[in-house]
Amino acid sequence: MNGRIALIGIPLDVNSSYLRGPAKGPFALVEALHCESANLWTETGHDLSGVLDHRGIVDLGDADQAFGRIEEAARKAGESGSAPIFLGGDHSITYPLAKGLKAAVGDFAILHFDAHPDCYHEFEGNPHSHACPFARIMEERLCERLVSVGIRTANGHQREQRAKFGIQWLEMKDRANWPTLSFDTPVYLSVDLDVLDPAFAPGLSHHEPGGMTTREVLDVIHAVDAPVIGADMVELNPDRDRDSVTAMAGAKILREIAGMMLLHCP
Ligand code: MN
Ligand code: MN
C-alpha cells in the first residue's frame, strides 16, 4: 500500500429490492466528507489532507455491463497500490468488487456491517439482488472468512445459508457478549450503513430498529488487528436523509476506515 486512499463512486441501485436512491450515495458521501463543519483528521491521528485520491464515478455502461465494469474498476484500484474505498450504491456491488479486488491483491477476510445477512440464494428472482452478494461471494470463495456484524433480521433461509457457508455472525441480540475479533489475513470492510440504528441513520431505504450506534461501529473498526486493504460503504439513500445526518455518519466512518488503512500501512 502506497500511503494513498482511492475514493471511487459506484452509483448503482438497480439491484435494490424496496426503494431506489442509493445511486446518489457517492455524491452525498463525498460532500459530507468535505463539509466545512469537520476536519480531515482521524481519531487514529492521521491527517487525510493530501492522502485522499478522488477518482470519480465508475462508468457503469448498460445494466448488463455494470458488474463487469465494477469488477474491472476494483481490479485496477487494487493493482494501483492505493487502498480503495468504494462508495455505493446498493450492496449488490460488493460481489463484483470482491471478485476484482481478489484478482489484484489475493486473499482477504471480509468484515461486513449490516442489519441484514445479505446471503439469500436469490431474492425476488434476482440472484444479484442487494440481498444476495455474500451468497455469491461464498460460492466462489472470494474471501477467506466472512464475519457479519450487527445482524438482526435473519430468517430461516438465511440461517441455513450461514451454516452452509460457515459465516460468522455477531448478532445484535448478543451485543453484550461479542467476542474480540482477530484476523490472520488482510481485511476488507463492507459497511452497509443500515447497520446503524435508524435513530443515527435515517437516510436508508430499510429502517431496522435495534441497531448499532455510530460509536459502536467505530469501536469495532478501530479494533481490527490486521491490514485493511479495501472497503465499501453502501446503501446511503440521500432521498430519506435528514439534514445530512446519515451522510455525516457515513463520512465519519469513512475517515476512520481510512485511518485504519494508514495505521497498518507498511
Ligand atoms: Mn446490505
Ligand atoms: Mn442492510
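Here, every reference points to the structure presented above.
Residues numbered from 1 in each chain as written. Chains lettered and ligands numbered in written order. Predicted model: local features only at pLDDT ≥ 70, side-chain atom pairs only at ≥ 80, totals over all residues. Heavy atoms only, no water.

**Brief notes about the coordination of the manganese ion (ligand 1)**
Move 1: Bound to the manganese ion (ligand 1) on the protein side are His 91 (ND1), Asp 114 (OD), Asp 118 (OD) and Asp 192 (OD), at distances that span 2.0 to 2.2 Å.
Move 2: Here the donor residues of the manganese ion (ligand 1) are spaced in sequence according to H-x22-D-x3-D-x73-D. (Donors = N, O, S within 2.8 Å, 3.2 Å for Na, K, Ca; no water.)

**Some thoughts on the nonpolar core**
Move 1: Residues Ile 5, Ile 85, Leu 111, Phe 113, Leu 189, Ile 253 and Ile 257 are the most contacted members of the largest nonpolar core, which totals 52 residues.
Move 2: Top contributing element to this core by residue count: helix 7 (residues 245-263), with 10 residues.
Move 3: Apart from residues no more than four positions distant in its own chain, Leu 111 is found in contact with Val 147, Val 149, Leu 181, Phe 183, Val 187, Tyr 188, Leu 189, Ser 190, Val 220 and Val 224.
Move 4: By size, the runner-up hydrophobic cluster in this structure holds 35 residues, among which are Val 58, Ala 73, Phe 86 and Ile 93. (Core = buried A, V, L, I, M, F, W, Y, C linked by side-chain atoms within 4.5 Å. Buried < 20%, exposed > 50% of the residue type's maximum accessible area, 1.4 Å probe, protein only. Helix = DSSP H or I, 4+ residues; strand = E, 2+ residues; numbered from the N terminus. Contact = heavy atoms within 4.5 Å.)

**Quick look at the coordination of the manganese ion (ligand 2)**
Move 1: Here the manganese ion (ligand 2) is held by Asp 114 (OD), His 116 (ND1), Asp 192 (OD), Asp 194 (OD) and Asp 194 (OD), and the distances to it run 2.1 to 2.4 Å.
Move 2: Each donor residue of the manganese ion (ligand 2) lies on the same chain, and together they follow the pattern D-x1-H-x75-D-x1-D.
Move 3: In this model, the manganese ion (ligand 2) sits 3.3 Å from the manganese ion (ligand 1), the two metals being bridged by Asp 114.
Move 4: For Asp 114, a relative accessible area of 0% gives the class buried.

**What about the pairing of strand 2 (residues 52-57)?**
Within a regular beta strand, the side chains point alternately toward one face of the sheet and then the other, so they alternate between its two faces.
Move 1: Across 4 bridges, the pairing between strand 1 (residues 5-10) and strand 2 is parallel. Bridging across to strand 2, Ala 6 finds its partner in Asp 53.
Move 2: Traced from strand 1 through helix 1 (residues 25-33) to strand 2, the parallel crossover comes out right-handed. (Pairing = 2+ DSSP bridges. Right-handed = clockwise from strand over helix to strand, strands pointing away.)

**A look at the sheet that holds strand 2**
Move 1: Spatial strand order, 2-1-3-8-7-4-5-6: 8 strands in an open sheet with parallel pairing. Either end of the sheet is taken by a strand with one partner, and the two such strands are strand 2 and strand 6 (168-171). Sheet twist, expressed as the mean angle between neighbouring strand axes with direction ignored, is 15 degrees.
Move 2: The pairing of strand 3 (residues 83-88) with strand 8 (residues 228-234) spans 3 bridges and is classified as parallel. For Leu 87, the partnering residue across the bridge sits in strand 8 and is Met 233. (Axes fitted to C-alpha atoms, helices over the stretch in contact; angles between N-to-C directions.)

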